[in-house]
Amino acid sequence: MVPVRVMLVDDQALVRSGLRAVLEAADGIDVVAEAGDGADAIPLVREHRPDVVLMDLNMPRIGGVEATLHLLRLPDPPRVLVLTTFNTDDMVMDALQAGASGFLLKDLRAEELEHAVRCVAAGGTSFAPQIMTKLVARARGKSAVGRRDLEAKIASLTDSERAIIALLGKGMTNQQIAEELNLAIASVKTYVSRMLVRLGLENRTQAAILAYEAGYVGK
């Protein structure tokens, strides 16, 4: 099994040390680099080519959201998994709209961190339960105009695309979706790509947010 290559980005050396200890104790995960802020992270990602970047948000010079935007513009970019103590609505949505594949809080258990890293590396998404609650509350609080716009977007999807976006909202990878719906993985990739273009979305995370807003997650 090819190990998952992880890079840690956090301005606290003690936090990085703890994360490294947890991840290197897990089978099939290698920590290949560390950075103290987003400015240092960008060249290190180019050098070490991690699969997943564990990203803090509140850091000096370049913070986590701006660093995520930079990293995801790189050729063959890594997946970004936010791991922070901050979970304000603005920070959550800024990070997810930037393209982060998940948002976790630092009080999680070691096994939860390992699972999230593997899930994101495989193409899925991972959200802390508190973040899921925020997404649901945000959907319920939409204005009438916002709801009509959302309904129009969803109406443009085929039945197959609606089924896929619901599974994206649950954090499933293309392989898992293919198995769930009995489709070829190439077909799932085509559906996802076409759906993102049709909805004007940039990434799977934004599709997952839309699935929450449409009430597909939890059905």
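Residues numbered from 1 in each chain as written. Predicted model: local features only at pLDDT ≥ 70, side-chain atom pairs only at ≥ 80, totals over all residues. Heavy atoms only, no water.

K.L.:
Can you explain the packing of helix α1 (residues 13–24) against helix α5 (residues 110–121)? Please cite residues and give values.
P.N.:
The geometry of α1 relative to α5 is characterised by a closest axis approach of 10 Å and an angle of 75° between their N-to-C directions. The orientation of α1 with respect to α5, classified from their angle, is roughly perpendicular. On α5, the residues touching L19, V22 and L23 of α1 are A110, L113, E114 and V117. When grouped by side-chain class, the residues that make up the contact of α1 with α5 number 6 nonpolar, no polar and 1 charged. (Axes fitted to C-alpha atoms, helices over the stretch in contact; angles between N-to-C directions. Helix = DSSP H or I, 4+ residues; strand = E, 2+ residues; numbered from the N terminus. Parallel < 35°, antiparallel > 145°, perpendicular 65-115°, else oblique. Contact = heavy atoms within 4.5 Å. Nonpolar A, V, L, I, M, F, W, Y, C, P; charged D, E, K, R; others polar.)

K.L.:
Account for helix α2 (residues 38–48), with residues named and values stated.
P.N.:
Taken together, the buried positions of α2 are occupied by G38, A41, I42 and V45. Projected onto a plane normal to the axis of α2, the buried residues spread over an arc of 105° and lie on a single side. In this fold, the buried residues of α2 make contact with β1 (4–9), β2 (29–35), β3 (52–55) and α3 (64–71). Put simply, D37 is the residue that caps the front of α2, since its side-chain oxygen is 3.1 Å from the backbone nitrogen of A39. Directly after α2, the chain includes R49, whose backbone phi takes a positive value near 55°. (Buried < 20%, exposed > 50% of the residue type's maximum accessible area, 1.4 Å probe, protein only. Arc of directions from axis to C-beta. Polar contact = N/O pair within 3.5 Å; in protein donor to acceptor, adjacent residues only side chain to side chain.)

K.L.:
Let's hear about the sheet that holds β3: which residues, and what values?
P.N.:
With parallel pairing, 6 strands are arranged side by side in an open sheet as β2-β1-β3-β4-β5-β6. Each edge of the open sheet is held by one strand with a lone partner, namely β2 and β6 (126–127). For β1 and β3, the ladder comprises 4 bridges, and the chain directions are parallel. Its bridge partner being in β3, M7 is matched across the sheet by V53. Across the sheet, α3 lies against β3 and β4 (79–84), angled at about 165° from β3, the strand it touches most. (Pairing = 2+ DSSP bridges.)

K.L.:
How would you sum up the packing of helix α9 (residues 174–181) against helix α10 (residues 185–199)? Please name residues and give values.
P.N.:
Interhelical geometry of α9 versus α10 gives an angle of 110° and a closest axis separation of 9 Å. By the angle class used here, α9 and α10 are roughly perpendicular. Once α9 is placed against α10, the crossing between them reads as right-handed. Counted together, N174, Q175, I177 and A178 of α9 and I185, V188, K189 and V192 of α10 form the full contact between these two elements. In the contact of α9 with α10, the residues fall into 5 nonpolar, 2 polar and 1 charged. (Left-handed = near helix turned anticlockwise from the far one by under 90°.)

K.L.:
Before we move on, could you go through helix α11 (residues 204–213) and cite the residues and values that matter?
P.N.:
Most of α11 sits out of view: 10 of its 10 residues are buried. Every buried residue of α11 is accounted for by R204, T205, Q206, A207, A208, I209, L210, A211, Y212 and E213. Downstream of α11 by a residue or two, G215 has a phi angle that is positive, lying close to 80°.

K.L.:
Provide a residue-level description of the layout of surface pockets, including the pertinent values.
P.N.:
If you roll a probe as big as a water molecule over the atoms, it shows you where there is empty space left. Of the volumes computed, that of the largest pocket is approximately 360 Å³. Taken together, 22 residues form the lining of the largest pocket, with L104, H115, A116, S126 and F127 sitting closest to its centre. Mapped by element, the contributors of at least two residues to the lining of the largest pocket are β5 (102–105), α5, β6 and α6 (129–140). Residue classes in the lining of the largest pocket are distributed as 11 nonpolar, 7 polar and 4 charged. As for the second largest pocket, its lining consists of 14 residues, of which L72, A98, G99, E202 and N203 are closest to the centre. Considered class by class, the residues forming the lining of the second largest pocket number 5 nonpolar, 5 polar and 4 charged. (1 Å grid on protein atoms, 1.4 Å probe; cavity = no way out; pocket = protein on both sides within 12 Å on 5 of 7 lines; lining within 4 Å. Points joined across faces, edges and corners; volume = space filled by probe spheres on them.)

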